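Structural features, examined
The residues making up each chain are set out below.
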Amino acid sequence: MFYMKITLIAGSNREGATSTSILRSIESLLNAQNISVTFVDLRELPLPLYSPDAQAIHPNVQRLAEAVADAEGLVLATPEYHGSISGVLKNALDYLHGGLVAGKPVLSVSAAGGPMGVSSLLHLQSIVRNLHGVNSPEWISIGAGFHSFGSDGHPSDEGMRGRVESAVGKFVELTRKLTAGVKAAI
Ligand SMILES: Cc1cc2nc3c(=O)[nH]c(=O)nc-3n(C[C@H](O)[C@H](O)[C@H](O)COP(=O)(O)O)c2cc1C
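Below, the structure is looked at part by part. (Residues numbered from 1 in each chain as written. Predicted model: local features only at pLDDT ≥ 70, side-chain atom pairs only at ≥ 80, totals over all residues. Heavy atoms only, no water.)

**Notes on the site of the ligand**
Inclusion rule: In these notes, residues near a molecule or strand are those with any non-hydrogen atom within 4 Å of it. N or O atoms closer than or at 3.5 Å make up a polar contact, with two conditions inside protein: a donor-capable atom paired with an acceptor-capable one, and, for residues adjacent in sequence, both atoms drawn from side chains. Using the Shrake-Rupley algorithm and a 1.4 Å probe, accessible areas are obtained, with residue cover drawn only from the displayed protein chains. Following the grouping adopted for this structure description, the nonpolar residues are Ala, Val, Leu, Ile, Met, Phe, Trp, Tyr, Cys and Pro, the charged ones are Asp, Glu, Lys and Arg, and the polar ones are all others, Gly among them.
The full set close to the ligand counts 15 residues, and R14, S19, E80, H82 and G114 are the nearest of them. R14 is positioned such that a nitrogen or oxygen atom in its side chain is 2.8 Å from an oxygen atom of the ligand. The separation between an oxygen atom of the ligand and a polar side-chain atom of S19 is 2.5 Å. Out of a free accessible area of 630 Å², the ligand has 68% covered by protein chains. Across the shell around the ligand, the residue classes break down as five nonpolar, eight polar and two charged.

Structural data, given as structure tokens:
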């Protein structure tokens, strides 16, 4: 039996962000399966603006890099801003490189003011592809009318709850298969 480690990155710096709330719901689904979760909330772990010229590594950047390096899979959550991902998340992803993400499954999650945040998800999947990560077969978007959460921390809407469970299930299955393959090859 092996223990899976997943890192979740919340890409909003807004208090009470829906994208962070849905990530907390996903964290609890993963915990229920005895999966070890590291939660990186970019509101609580602000990063300096990325510059290729920077000499010293900021301690918060170090924490982000360690959390990503240590994980077998990643879940990235973003608010949909002007049809794309947040600057906060893009800035964090600019610090990463293929060596940290290559071959790891990544589940993309968005929160949007409109019916669905598809543009941000597509952009996120493109960034994942360029970091040589493996996009999970399903994604999650919390659109208008689905922003409320129950006292258990999960989406109030039953249908949305089911979609989140399904997407997380597929992501965990993919991570398990890829991790088992890597371990078998060593
Ligand atoms: C600067 C800005 C741009 C936005 N652009 C879009 C957009 O293009 N499409 C959309 O559906 N919602 C848009 N919204 C609404 C947000 O996606 C919505 O408020 C969402 O809940 C934000 O995520 P959060 O709750 O995780 O902060 C925008 C909001 C802001 C502040």
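The structure having been displayed, the exposition proceeds.
**Points about unusual backbone geometry**
The test is simple: Only runs of H or I of at least four residues qualify as helices and only runs of E of at least two qualify as strands under DSSP, and these elements are numbered from the N terminus.
In the Ramachandran plot, N34 falls in the positive-phi region, its phi being about 60 degrees despite a non-glycine side chain. For N34, the location among the structural elements is in the loop between α1 (18-31) and β2 (36-41). Here H132, not a glycine, exhibits a phi torsion of approximately 65 degrees, which is positive. Inspection of the secondary structure puts H132 in the loop between α5 (118-130) and β5 (134-135).

**A word on the packing of aromatic side chains**
Put simply, the rule is: Two aromatic rings, drawn from Phe, Tyr or Trp (for Trp, its six-membered ring), form a pair once their centres lie within 6.5 Å of each other, and the interplanar angle then sorts them: stacked below 30 degrees, edge-to-face above 60, tilted otherwise. Note on geometry: a ring has a charge over it if NZ (lysine) or CZ (arginine) is within 6 Å of the ring centre and within 35 degrees of the ring normal.
Within this structure, the stated rule accounts for one aromatic pair. A centroid spacing of 5.1 Å and a plane angle of 85 degrees characterise the contact between Y50 and Y95, whose relative ring orientation is edge-to-face. With a gap of 45 residues between them, Y50 in the loop between β2 and α2 (59-69) and Y95 in the loop between α3 (87-94) and α4 (98-101) connect regions that are remote in the sequence. Over the face of the ring belonging to F146 we find R163, whose NZ or CZ atom lies 5.9 Å from the ring centre.

**Brief notes about the environment of V164**
How we decide: Here a residue-residue contact requires only that any non-hydrogen atoms of the pair lie within 4.5 Å.
Tracing the backbone through its elements, the reader meets V164 in helix α6 (residues 158-185). Residues V164 and V118, spaced 46 residues apart in sequence, show a C-alpha to C-alpha distance of 15 Å. V164 has contacts with I22, I26, L29, I140 and P155, leaving out every residue within four places of it along the chain.

**Describing the pairing of strand β4 (residues 105-111)**
Sheet faces and side chains relate simply in a regular strand, where the side chains alternate between the two faces. This is how it is decided: Summary of the burial criterion: residues with accessible area below 20% of their type's maximum are buried, those above 50% are exposed, and those between are partly exposed, where the area comes from a 1.4 Å probe applied to protein chains only. Strand pairing is assigned whenever DSSP detects at least two bridges linking the two strands. By convention, orient the strands away from the viewer: a clockwise path from the first strand over the helix to the second makes the crossover right-handed.
Among the seven residues of β4, seven are classified as buried, and the element is accordingly described as predominantly covered. Of the two faces of β4, the one lined by P105, L107, V109 and A111 and the one lined by V106, S108 and S110 are each fully buried. Across six bridges, the pairing between strand β3 (residues 73-79) and β4 is parallel. Across the sheet, the residue bridging to P79 is A111, located in β4. Examined bridge by bridge, β4 and β5 share two bridges and lie parallel to one another. Across the sheet, the residue bridging to V106 is N135, located in β5. Assessed by its sense of winding, the connection that carries the chain from β4 through α5 to β5 is right-handed. One ladder, built from three bridges, connects β4 with strand β6 (residues 140-142); its direction is parallel. Across the sheet, the residue bridging to S110 is S141, located in β6.

**Details of the pattern of salt bridges**
In plain terms, the rule: Salt bridges are defined by distance alone: a side-chain nitrogen of Lys or Arg within 4 Å of a carboxyl oxygen of Asp or Glu.
Taken as a whole, this structure holds seven salt bridges when the rule is applied. For D70, the salt bridge identified is with K5, shortest N-O distance 3.2 Å. Of this pair, D70 sits in the loop between α2 and β3 while K5 sits in strand β1 (residues 5-10), and the two are 65 residues apart along the sequence. In this structure K5 comes out as partly exposed when scored by relative accessible area, which is 29%. Notably, a salt bridge pairs E173 with K177, separated by 3.3 Å at the nearest N-O pair. Taken together, the residues span about one helical turn, with E173 and K177 both in helix α6 at a distance of four residues. Taking relative accessible area as the criterion, E173 reaches 41% and is therefore assigned partly exposed.

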